[in-house]
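Overview (structure and organization)
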Amino acid sequence: AYTKDQYNKDYKGEVLPTFESLDKTVALVDRTTGKITPAKEGKFLVKVTFGKITKTVELAIVADAKLDKIEAKKSEVTLSNKVAAGEVISVQGFDQYGNKLNTTSIAVKKLTNGEVFDVSVSSPTSVKVTPVAGKSGTGSFEISQGDVKTVVTVVVTEAGAVNGYTVKGFEA
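Residues numbered from 1 in each chain as written. Predicted model: local features only at pLDDT ≥ 70, side-chain atom pairs only at ≥ 80, totals over all residues. Heavy atoms only, no water.

**Description of the environment of T166**
With respect to the element layout, T166 can be found in the segment after strand 14 (148–157). On the basis of relative accessibility, which here comes to 66%, the residue T166 falls in the exposed class. Taking the C-alpha atoms as reference points, T166 and V127, separated by 39 residues in sequence, lie 39 Å from one another. (Helix = DSSP H or I, 4+ residues; strand = E, 2+ residues; numbered from the N terminus. Buried < 20%, exposed > 50% of the residue type's maximum accessible area, 1.4 Å probe, protein only.)

In structure tokens, the structure reads:
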């Protein structure tokens, strides 16, 4: 713990703060250093005494962040079967608290109508979807990391033929 005086300078006096956990079933607090030793998840109060001043603060012991949800930037992608470049889709993970958490080892698996598209992992946070030339239809694939999964729909359309065109506003 750090203490400041009334001028916001580091306090270097002889009186030091003391700490006390008010719920030792959740966490223990070292009386002189304030170091917290968790016992279980939950909220608890810590009483900090500094000379004649006492302050009580609420703290929480929470589980380590773990991947809870994967979201693809697009849940559906439409591609033309005449454009071989395809599309890269960003992937974002979230922990059990809703905070962003990078995916590290995603995998992909075709689910339905996989003959109309190819899909591959292009980085730990993105996948690339490309159409198969001459094929069209709707399919889907799964992005996963461990047991956490999301599904993306792929629509591959047949490129249409252009019968003609005119340019207006120009004189020959």
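**Re the sheet that holds strand 13 (residues 137–145)**
Strand order in this open sheet of 4 strands is 7-14-13-10, and the pairing throughout is mixed. The open sheet has two edge strands, strand 7 (76–80) and strand 10 (107–112), and neither has a second partner. Going across the sheet, the axis of each strand differs from the next one's by a mean of 30°, ignoring polarity. Sheet topology places strand 7 next to strand 14; 5 bridges connect them, and they run parallel. In the strand pairing of strand 14, L79 is matched with V156. (Pairing = 2+ DSSP bridges. Axes fitted to C-alpha atoms, helices over the stretch in contact; angles between N-to-C directions.)

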